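# Secondary and tertiary structure notes
Here is what each chain is made of, one letter per residue.
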Amino acid sequence: MRTAHMNWKGLFLTVFWVSLMAIFFAQVEIQIEGGAGWATSLPTWRLEQHWLLDIFWGGRAMTGYHAWMFPFIAMIFHLPFFFLQTWNWRLQARALACIMLFWIVEDFLWFMLNPAFGWQRFNPVDVFWHKQWWWGAPKDYWTFSVLAIVLFWFSFRDRVKST
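Residues numbered from 1 in each chain as written. Predicted model: local features only at pLDDT ≥ 70, side-chain atom pairs only at ≥ 80, totals over all residues. Heavy atoms only, no water.

Moving on: the overall build of the protein chain. Helix and strand counts for the protein chain come out as 5 helices and 6 strands. Reading the helices (α) and strands (β) of the protein chain from amino to carboxyl end gives β-α-β-α-β-α-α-β-β-α-β. Residue burial in the protein chain is summarised as follows: out of 163 residues, 41% are buried. Restricting to contacts in the protein chain with at least 6 residues of sequence separation, those with at least 24 account for 62%. With an accessible surface of roughly 10300 Å², the protein chain has 71% of that area assigned to carbon and sulfur atoms. With 12 positive and 9 negative side-chain charges, the protein chain shows a spacing of 16 Å between the two charge centroids. (Helix = DSSP H or I, 4+ residues; strand = E, 2+ residues; numbered from the N terminus. Buried < 20%, exposed > 50% of the residue type's maximum accessible area, 1.4 Å probe, protein only. Contact = heavy atoms within 4.5 Å. Areas by Shrake-Rupley, 256 points an atom, 1.4 Å probe, with all protein chains shown as cover. Lys, Arg positive; Asp, Glu negative; His and termini not counted. Charge placed at Lys NZ, Arg CZ, Asp CG, Glu CD.)

Okay, the packing of aromatic side chains next. A ring pair, where both rings are aromatic, is described by two values, the distance of the centres and the angle of the planes. A complete count under the given rule lists 20 aromatic pairs for this structure. On the basis of an interplanar angle of 25° and a centroid distance of 4.5 Å, the ring pair of Phe70 and Trp103 is categorised as stacked. Of this pair, Phe70 sits in helix α3 (residues 64-84) while Trp103 sits in helix α4 (residues 89-113), and the two are 33 residues apart along the sequence. Seen from their ring centres, Phe152 and Phe156 are 6.0 Å apart, and the 40° between their planes marks the pair as tilted. Linking Phe152 with Phe156, this pair stays in helix α5 (residues 139-156), spanning 4 residues, or about one helical turn. For Phe152, a relative accessible area of 7% corresponds to the buried category. (Phe/Tyr/Trp six-rings, centres within 6.5 Å; stacked < 30°, edge-to-face > 60°.)

Below, the discussion takes up the nonpolar core. Core analysis: the largest hydrophobic core is formed by 23 residues, its most contacted members being Val18, Phe25, Ile73, Phe77, Phe102, Trp103 and Phe152. Listed by contribution, the elements that provide at least two residues to this core are α1 (8-33), α3, α4 and α5. Counting residues per element, this core draws most heavily on α4, which supplies 9 residues. Beyond its immediate stretch of four places on either side in the chain, Phe152 contacts Met6, Leu11, Thr14, Val15, Arg94, Ala97, Cys98 and Leu101. The next biggest cluster of nonpolar side chains, apart from the first, holds 16 residues, and it includes Ile30, Leu53, Phe122 and Val127. (Core = buried A, V, L, I, M, F, W, Y, C linked by side-chain atoms within 4.5 Å.)

Glancing now at the packing of α1 against α3. Running from N to C, α1 and α3 point in directions that differ by 160°, and their axes come no closer than 14 Å. With respect to each other, α1 and α3 are oriented roughly antiparallel. Of the two elements, α1 crosses α3, and the hand of that crossing is right-handed. Along its contact with α1, which presents Val18, Met21, Phe25, Glu29, Ile32 and Glu33, the element α3 presents Tyr65, Met69, Ile73, Ile76 and Phe77. Residue classes in the contact of α1 with α3 are distributed as 9 nonpolar, no polar and 2 charged. (Axes fitted to C-alpha atoms, helices over the stretch in contact; angles between N-to-C directions. Parallel < 35°, antiparallel > 145°, perpendicular 65-115°, else oblique. Left-handed = near helix turned anticlockwise from the far one by under 90°. Nonpolar A, V, L, I, M, F, W, Y, C, P; charged D, E, K, R; others polar.)

Rendered as structure tokens:
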């Protein structure tokens with residue numbers, strides 16, 4: 001009989017660490033942006049409308065801040081590949097899942113920990129830069145959660161073993 005097992009300890013530790021990193025980065029962004037989300041008050045360039053933003057960016061503005069910050073975070077999650085000088089599809093799936101989890105947790109905590117927002121202002125009117133909402137949360141939270149779960153499953157399941 002062949003069975004597959006999950007590395008639950010590895011998954012738990014990864015989710016814990018990524019969430020801890022998201023807490024710290026949410027606090028950094030709160031200090032940088034204050035109550036003006038999506039870099040609306042930062043001294044940076046902004047591209048408000050473009051058809052590519054609708055496809056790849058959820059209709060949000062592209063800013064100089066985000067153009068540098070998003071790749072930087074992706075590079076951090078890929079750093080182990082360079083440290084260990086290794087790469088495979090399972091590790092790549094895990095890195096992508098971590099990036100998605102990081103941004104979901106970080107974004108949500110930006111609202112919850114930010115004195116200018118909190119739960120009361122977590123809505124489509126006050127959070128205007130998230131253009132599409134499903135079931136009380138930005139659509140990105142739902143779509144990236146599903147993708148991250150699938151990628152985590154793929155990356156943390158042990159290879160099928162004969163028993």
